[in-house]
Amino acid sequence: MSHSHTKETDGPEVYFQYEDIEQQQETYLVGMWSFLVTEVMFFGALFLIYTLYRWKFHDDFYLVHEQLNWKMGGLNTLILLTSSFTVALAVHFAQKGNTKLQMRCLFATILCAFGFLAVKTFEYGAKIDHHLLPNHHFQYGHVEGEEEHHVESKWDKMLPSVLQVEKKEQHGNPQRARLFFSIYFTMTGLHGLHVIIGIICFTALMILIKIKSSLITDYVPTEMVGLYWHFVDLVWIFLYPLYYLIPK
Amino acid sequence: MSATVVGQSSAKPSEPKNYLNADHTLKSWLLSVDHKRIGVMYLIAVTFFFFIGSIAAAMIRYELTSPKGILLSSEVYNKTFSAHGILMVFQFLVVVVPAVLGNFLIPIMIGARDMAYPRLNLLSLYMFITGGFLILASFVLGGVDAGWTFYVPLSTISETQISLCLVGIFITGFSSIFTAVNFIGTIHKMRAPGMTWYRLPLFIWSHYATAIVVILGTPVVAITLFLVVVERGFGFGIFSPELGGDPVLFQHLFWFYSHPAVYIMILPAFGIISEIISCFSRRPIFGYRFVAYSSLSIAFLGFLVWGHHMFLSSQSVLQGIIFSLISFILAVPSAVKVFNWTLTMVKGSVHFSTPMLYALGFMGLFVIGGLTGLYLASVDTDVHLTGTYFIVAHFHYVMVGGTILAYLGGIHFWWPKMFGRTYSEFWGRLSAMIIFIGFNLTFFPQFMVGYLGMPRRYHYYYFAPEWQFYHLLSTAGSTVLGFGFLLPALYLTYSLFKGKKAGPNPWNAKGLEWEYTSSPPITENFTQPILVTDSVYDYNPAEDSKMYEVDEEATVEDMNK
Amino acid sequence: MAADHGHHEYTAGGAHAHHILPQKTIFTIFGFLLAGMVLTIWAAFYLPIPNLLENTFFMQSLALGIAVFKAYLVVTYFMGVKMGTRLVKIFAIGGFVWFFVLFVMMADYVSRPMEPVVGWEKVPSSALPRDTVKNPE
């Protein structure tokens, strides 16, 4: 079948549709970048929705955003920036052909990704316990007949005291709060989904490198997954100030 | 086109090995990464979805023959026209030309051995089929009644299978994104040496513009429909008015994709028409660069006109006026194309073969569709006409009269290349004329009944029984049209088995796919590397005018048989 | 199948990925990114100028400005756009530029309160239902 490859010299494999390795590498990069353009538009629509509602309901959004734990968000920013850094190093070592260090960097990246998800789990868990997930259990603000709206969350209690923020009363219009959390969960949820996909890609990449698969003969696969990961980082760079640090 | 085969020719006419007979197992088809086989599989898949969509169309037309309705209840009617719209738009029109003809031809036309990412190509085929079957499953499990536009809040409160259907559309959307990524990579990086941008066939330019529109627009609609799923499934409320959300925002985001989607449907068709017109006029295309750049400017401007779908949707008046103006400007590049095709025929040696008849039909219908679009682009006439059958007629003129006629023209044009067989020219021309007549009979009365005020998506009109006349005409026309669509399916299938063997270049056309590959092409497309040295369209009407005389006699003989 | 003649015609003309991002640059960029993050958080809570702290527009612009700068660093260096081919640059820039076309939608919401026609809400007689609608026949 059509999987006949031409192998002229040792070195990276050139698939049959390409003339040489340079064409193949450039083509892969172009494809990845056009996919990233797609991703920009994918999140772009969500950022537009955020902008519109933030513009319309700024005051409510400010009051509601105090429910988010900016320390946890900051921790996640730190984790993702670090993972971006390790990916850049991984590509660097891949280009130099230093597989050992490349694998270590990739492993560090996966650890960071899991760390990000762990932090997110604590955040989400606490939000769900506080009835802030905007499904039919959603409840925000003072409810008639209740002395004080106070919900305990085991997730909050498990946090070290440094990461806990002062418990805040729930201010603002409950419906706007629900709108806020709808967008919050959609955007961070989709971002988290991208993180999970990233973990899968990195794991697959490491396994393929480990078993010396014929699919990976040069640094380009690492660079492509790296590009994707930098994009995931990029989204978070904007999500963090827009959700956790809304100015008054 | 002048190009040279580099190296020794090793063509062996005695043993024609090609992509069709390279391997016969089912697995070799289903897991093929050969762009030609994937194109053929797409051909089968889109034909299947088109068939189902047509059945829904037939049910709609039958229902409307009586002012009180005959066949369907209101609910079932809603589900029927939704099914028709969803299948035809997402599973047929958006993909049909790029996925079938684009997949098959782009690598051959630019002198490549395959697409840039063959495995991604196969993945997108299977995503397309998966998406399609999820959509069909949603119809079987209870139907979808919100129309193909899924406007909120109807789509968020409707108790039909909308979520499943939207997931299907989401998957299909990513399938078309992957195809577009493939096209972009292929067109940018896989061109044969010497195949510069201005030597590319216009088919490639249109597909490039289409791919750009797809990667910029499709993700937006994907996320929008995803939000509807989230709103239905989890109770999130991003478009929910009771939380302060804005349902009009859904329309904005939806049309941000879905208006450019119209150009996703029509731009590849433009590419086909450019090829056919220049081939059968034996003239180089008039104003090559104008046609090429008009594709790109349509792709660009197409993104800035979505608001003309929302003149009555509480969009601000100011923005409505601006969108109206840009919509008028958008008519310019489309007109450039039509004028250029017309001028290509001037002093050409025009020959009315089947593909040319389809192309001419396309031009007539596209002009009507385009000009009636101007009535809808102007705010004040749109207030009267929007939501009526005038709109239905308008976009069917553009989509069916435009895309499907061009697609059929392209299929007839490249059929000998795809399968190495020629079809009966007599039946081909007959089908082109039947489709043209049937189409006009179906949709022209809809302009009139729409102008009189018949609202779209109604399944009865007992309040105005005098409209029955137009509906009867329309239904009669749709019967003719359906028959017209059936004909090619029959004689093209017949030609697969009994058709005469086509040579590598039955039309004497120019282009790498005709001049440097066999029919059908071999798996690697070219036996030898190609070096392109001149423009694609070096037709010469004076030289070529005689070649049809022989051809004409053969056809007459064929018809007498 | 493998001929290499004339292929430089189009693969040439752009830098290839032989340029390896130096380790030093990677560390420097990482430092800048961390500094940007710290600056964002510090500004959000401890900016010593109370007037500015109350100024929503300024604070939001500052936070977004730092975010854009961080994004610029990631895209330019980590994602290799600076060393990439012209095509990669076009895609990278084009994607982010096109993102702003989406924001044309905001124009609708901003301009809704503006009403260009004074007294438009009065229904003109020409738009009133005709008799034919009331009494068909």
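Nothing here was measured: the structure is a model prediction, and the numbers come from that model.

What counts and what doesn't
- Residues numbered from 1 in each chain as written.
- Chains lettered and ligands numbered in written order.
- Predicted model: local features only at pLDDT ≥ 70, side-chain atom pairs only at ≥ 80, totals over all residues.
- Heavy atoms only, no water.
- Helix = DSSP H or I, 4+ residues; strand = E, 2+ residues; numbered from the N terminus.
- Buried < 20%, exposed > 50% of the residue type's maximum accessible area, 1.4 Å probe, protein only.
- Contact = heavy atoms within 4.5 Å.
- Areas by Shrake-Rupley, 256 points an atom, 1.4 Å probe, with all protein chains shown as cover.
- Expected span 1.5 Å × (residues − 1).
- Bend = angle between axes of the 7 residues up to and from the residue.
- Salt bridge = Lys/Arg side-chain N within 4 Å of Asp/Glu carboxyl O.
- Polar contact = N/O pair within 3.5 Å; in protein donor to acceptor, adjacent residues only side chain to side chain.
- Nonpolar A, V, L, I, M, F, W, Y, C, P; charged D, E, K, R; others polar.
- pLDDT = per-residue confidence, 0-100.
- Buried area = accessible area lost by both parts, 1.4 Å probe.
- Core = buried A, V, L, I, M, F, W, Y, C linked by side-chain atoms within 4.5 Å.
- Patch = residues over 30% accessible without salt bridge, like charges linked within 9 Å, V, L, I, M, F, W, Y side chains within 5 Å.
- Axes fitted to C-alpha atoms, helices over the stretch in contact; angles between N-to-C directions.
- Parallel < 35°, antiparallel > 145°, perpendicular 65-115°, else oblique.
- Left-handed = near helix turned anticlockwise from the far one by under 90°.
- Phe/Tyr/Trp six-rings, centres within 6.5 Å; stacked < 30°, edge-to-face > 60°.

Caption draft 1: Fine view of the overall build of chain A. When you go through chain A residue by residue, the secondary structure sums to 7 helices and 0 strands. Reading chain A from its N end, one meets helices and strands in the order α-α-α-α-α-α-α. Counting the 248 residues in chain A, one finds 61% classified as buried. Of the contacts made within chain A by residues no fewer than 6 positions apart, 80% connect residues no fewer than 24 positions apart.

Caption draft 2: Expanded view of the overall build of chain C. Counting secondary structure elements, chain C contains 7 helices and 0 strands. Taken from the N to the C terminus, the helices and strands of chain C come in the order α-α-α-α-α-α-α. Going through the 137 residues of chain C one by one, you find that 34% of them count as buried. In chain C, once contacts between residues fewer than 6 apart in sequence are set aside, the share between residues at least 24 apart is 54%. Put simply, chain C shows about 8600 Å² of open surface, and 69% of that area lies on carbon and sulfur atoms.

Caption draft 3: Structural context of helix H3 (residues 74–110) of chain B. Residues and elements named next belong to chain B. Helix length check: H3, at 37 residues, gives a terminal C-alpha distance of 51 Å against a target of 54 Å (1.5 Å per residue), a fit within 8%. Maximum bend of H3: about 60°, positioned at Val95, with proline Pro98 one to four residues after it. Burial analysis of H3 places 32 of its 37 residues in the buried class, the great majority of the element. Looking one or two residues past H3, Gly111 carries a phi angle of roughly 80°, positive in sign.

Caption draft 4: Region of interest: the pattern of salt bridges. Evaluation of the coordinates by the stated rule reveals 6 salt bridges over all chains. A salt bridge links Lys189(B) to Glu26(A), with the nearest nitrogen and oxygen atoms 2.6 Å apart. Taken as a pair, Lys189(B) in helix H6 (residues 162–189) and Glu26(A) in helix H1 (residues 21–56) lie in two separate chains rather than in one. Owing to a relative accessible area of 9%, Lys189(B) belongs among the buried residues under this scheme. Under the relative-accessibility criterion, Glu26(A) is labelled buried at 8%.

Caption draft 5: View of the interface of chain C and chain A. Opposite the 54 residues of chain C that make contact, chain A presents 51 residues. Taken together, the connections running from chain C to chain A amount to 0 salt bridges. Along the contact surface separating chain C from chain A lie 3 residue pairs in polar contact (both at pLDDT 80 or more). Broken down by secondary-structure element, the contributors of at least two residues to the side of chain C that touches chain A are helix H1 (8–11), helix H2 (23–46), helix H4 (56–78), helix H5 (86–101) and helix H6 (104–111) of chain C. Here the element with the most residues in the side of chain C that touches chain A is H4(C); it accounts for 12 residues. Partitioned by chemical class, the residues of the side of chain C that touches chain A number 41 nonpolar, 11 polar and 2 charged.

Caption draft 6: Looking closely at the confidence of the model for chain C. Residues and elements named next belong to chain C. Taken as a whole, chain C shows an average pLDDT of 77; of its residues, 70% reach a score of 70 or greater. The model gives residues 1–17 a pLDDT under 50, and that stretch makes 33 contacts with residues more than four places away or in other chains. In this model, residues 132–137 is a region of pLDDT below 50 whose contacts with residues beyond four sequence positions or in other chains number 0 contacts.

Caption draft 7: Fine view of the interface of chain C and chain B. The interface of chain C with chain B comprises 22 residues on the first partner and 32 residues on the second. In total, about 2400 Å² of surface goes out of reach between chain C and chain B, with carbon and sulfur atoms giving 71% of it. Our count for the contact surface shared by chain C and chain B stands at 1 salt bridge. Here chain C is connected to chain B by 8 residue pairs in polar contact (both at pLDDT 80 or more).

Caption draft 8: Expanded view of the nonpolar core. Residue and element names in this part refer to chain B. One finds Phe150 and Phe362 to be the most contacted residues of the largest nonpolar core, which totals 297 residues. By residue number, the principal contributor to this core is helix H8 (residues 247–281), which donates 23 residues. Once you skip the residues sitting within four places of it in the chain, Phe362 turns out to touch Ile266, Ala269, Phe270, Ile273, Trp341, Gly401, Gly402, Leu405 and Ala406. Counting residues in hydrophobic clusters, the runner-up holds 13 residues, among them Ile60, Leu72, Val449 and Met454.

Caption draft 9: Structural view of the confidence of the model for chain A. Averaged over all residues, the pLDDT of chain A is 87; the fraction at 70 or higher stands at 91%. Segment residues 1–9 of chain A is flagged for pLDDT under 50; beyond a separation of four residues in sequence, or across chains, it makes 18 contacts in the model.

Caption draft 10: Representation of a nonpolar patch on the surface in the model. A cluster of nonpolar residues, Trp55(A), Leu318(B), Ile322(B), Val110(C) and Met114(C), forms a patch on the protein surface that exposes about 450 Å² of accessible area. Taking relative accessible area as the criterion, Leu318(B) reaches 34% and is therefore assigned partly exposed.

Caption draft 11: Spotlight on the side chain of Thr109(A). Residues and elements named next belong to chain A. Structurally, the position occupied by Thr109 is in helix H4 (residues 99–129). Judged by relative accessible area, Thr109 falls into the buried class, the value being 0%. Beyond its immediate stretch of four places on either side in the chain, Thr109 contacts Ser83, Thr86, Val87, Phe202 and Trp229.

Caption draft 12: Geometry of the packing of helix H14 (residues 425–452) of chain B against helix H15 (residues 468–498) of chain B. Residue and element names in this part refer to chain B. It is the contact of H14 with H15, at a shortest axis distance of 8 Å, that shows an interaxial angle of 155°. Taken together, the axes of H14 and H15 are roughly antiparallel relative to one another. H14 and H15 meet at a crossing whose hand is left-handed. Its residues assigned to classes, the contact of H14 with H15 shows 20 nonpolar, 10 polar and no charged.

Caption draft 13: Representation of the side chain of Thr224(B). Residue placement: Thr224(B) occurs in helix H7 (residues 202–234). Look past the residues within four positions of Thr224(B) in its chain and what remains in contact with it is Phe239(B), Phe250(B), Leu253(B) and Phe254(B).

Caption draft 14: Region of the structure containing the packing of aromatic side chains. All names here are of chain A. According to the stated counting rule, one finds 94 aromatic pairs over all chains in the structure shown. Centre to centre, the rings of Tyr184 and Tyr244 are 6.4 Å apart; their planes meet at 75°, and the pair counts as edge-to-face. Residue Tyr184 is located in helix H6 (residues 174–210), and its partner Tyr244 is located in helix H7 (residues 220–244); the two are separated by 60 residues in the primary sequence. Like Tyr244, Tyr184 is buried.

Caption draft 15: Seen up close, the environment of Leu227(B). Note on placement: Leu227(B) falls in helix H7. When residues no more than four places from it in sequence are discounted, the contact partners of Leu227(B) are Leu46(A), Ile49(A), Thr186(A), Ile238(B) and Phe239(B).

Caption draft 16: Examining the environment of Ala359(B) more closely. Residue and element names in this part refer to chain B. Relative to the assigned elements, Ala359 resides in helix H11 (residues 354–377). In the structure, Ala359 is positioned 47 residues away from Ala406 in sequence and 6.1 Å away in space, judged by C-alpha atoms. If near-sequence neighbours (up to four positions away) are discounted, Ala359 is found in contact with Ile273, Ile276 and Ile277.

Caption draft 17: Main features of H4(C). Under the 1.5 Å per step criterion, the end-to-end length of H4(C) is 32 Å for 23 residues, consistent within 8% with the ideal 33 Å. By the burial criterion, the buried members of H4(C) are Met59(C), Gln60(C), Ala63(C), Ile66(C), Ala67(C), Lys70(C), Ala71(C), Leu73(C), Val74(C), Val75(C), Thr76(C) and Phe78(C). Lining the buried residues of H4(C) we find H1, helix H3 (70–96) and H7 of chain A together with H2, helix H3 (50–54) and H5 of chain C. Its side-chain oxygen at 3.2 Å from the backbone nitrogen of Phe57(C), Asn55(C) defines the N-terminal cap of H4(C). Count one or two residues on from H4(C) and you reach Gly80(C), which has phi positive near 75°.

Caption draft 18: Unusual backbone geometry, seen in detail. All names here are of chain B. With an omega of 0°, the peptide bond running from Val152 to Pro153 counts as cis. Relative to the helices and strands, Pro153 is located in the loop between helix H4 (118–140) and helix H5 (154–157). Of note, the bond from Ser519 into Pro520 is cis; its omega dihedral lies within 30 degrees of zero at -15°. Structurally, Pro520 is set in the loop between helix H16 (512–515) and strand S4 (530–532). In this model, Arg282 sits at a positive phi of 55°, which is unusual for a non-glycine residue. Inspection of the secondary structure assignment puts Arg282 in the loop between H8 and helix H9 (288–301). With relative accessibility at 1%, the residue Arg282 sits in the buried group. A positive phi angle is found at Arg457, which is not glycine, with a value near 65°. Within the secondary structure, Arg457 sits in the loop between H14 and H15. Arg457 sits in the partly exposed class, given a relative accessible area of 33%.

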